[in-house]
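Read off the chains here:
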Amino acid sequence: MKNDRNSVSNGTVVKSNSGMNGHHGYGHPMIQRQPSRQCSTEMYDLSCKVMLIGDSGVGKTCLLVRFKDGTFLSGSFISTVGIDFRNKVVEVDGAKVKLQIWDTAGQERFRSITRAYYRDANALLLLYDVTNKNSFDNIRAWLAEINEYAQEDVVIMLLGNKCDVAGERQLRREDGERLAKEYGVAFMETSAKTGMNVELAFMAVARDLKMKKTRKPNEPQFNVADYVDQEKSTSQCCSS
Ligand SMILES: Nc1nc2c(ncn2[C@@H]2O[C@H](COP(=O)(O)OP(=O)(O)OP(=O)(O)O)[C@@H](O)[C@H]2O)c(=O)[nH]1
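Residues numbered from 1 in each chain as written. Predicted model: local features only at pLDDT ≥ 70, side-chain atom pairs only at ≥ 80, totals over all residues. Heavy atoms only, no water.

Per an unreviewed UniProt entry, the recorded name for the protein is small monomeric GTPase, and the organism is Patella caerulea. We quote the UniProt Sequence similarities (unreviewed entry) comment for the protein here in full: "Belongs to the small GTPase superfamily. Rab family." Taken verbatim from the UniProt record of the protein, the Cofactor (unreviewed entry) comment is "Mg(2+)". (UniProt positions renumbered as here; feature names shortened; annotations may be inferred.)

Re the site of the ligand
Near the ligand there are 26 residues, and of these S56, K60, S79, T80 and G106 occur at the shortest range. A distance of 2.7 Å separates an oxygen atom of the ligand from a polar backbone atom of T80. Within the contact set of the ligand, an oxygen atom lies 3.2 Å away from a backbone nitrogen or oxygen of K193. Burial of the ligand by the protein amounts to 91% of the accessible area it has alone, namely 660 Å². No other element matches helix α1 (residues 60-69), which puts 3 residues into the shell around the ligand. In terms of residue class, the shell around the ligand is built from 8 nonpolar, 11 polar and 7 charged. (Near = heavy atom within 4 Å. Polar contact = N/O pair within 3.5 Å; in protein donor to acceptor, adjacent residues only side chain to side chain. Areas by Shrake-Rupley, 256 points an atom, 1.4 Å probe, with all protein chains shown as cover. Helix = DSSP H or I, 4+ residues; strand = E, 2+ residues; numbered from the N terminus. Nonpolar A, V, L, I, M, F, W, Y, C, P; charged D, E, K, R; others polar.)

See below:
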């Protein structure tokens, strides 16, 4: 929920606290097999919870809106208050996967609220802003938080957002790649403004979940970092 501006809560425009403290009836949205369940008007086979985290202003809400609605939230920046979510059902190899995407407030004062949600997350998209070195320097602290509060097998993806802003870039793509390699997590640069790699980030998470659920014992494990490396776009927008 954004303070003082139309929020994106669950596809409706709200200005209330409806997104706070899990009052949407999604108490423990762990991975579940849910044949023939319905999400709004869409049926789905699997459900997973994806959290967007990172410093205030890195573009978490914009990334979510880009993925969900295919649009870019421009205009003055107003920080998210607390936590909010939206659902999107995507198809992976014929299976319908419901992504329940939680958009968290990056501001320090909301950390205790967002921390409480880590343990239920199946995937964490950790964002920094390529035009803001401070947001990149704080990634180690975010990873320490993840280590402390999230599930051991949580899928982590590091995203260097705002890669469309060539002139004000403070970080090269290699900086993100190096850090991601150090921590053994998937990495790509994204732009909520142009849509660059946004769909891929969420689809990689959906694929990982689906593979975990359907993998036979003798089949190799799906590696989300390798998958992202093969699939990601490194076109002009994201060159450093
Ligand atoms: N150029 C550019 N601007 C972006 C991009 N993503 C977000 N922005 C801008 O960055 C500002 C912050 O975006 P938000 O999505 O509200 O940031 P947030 O991470 O949700 O911030 P908090 O709610 O405070 O945690 C807004 O002015 C956006 O228009 C992007 O990919 N490119």
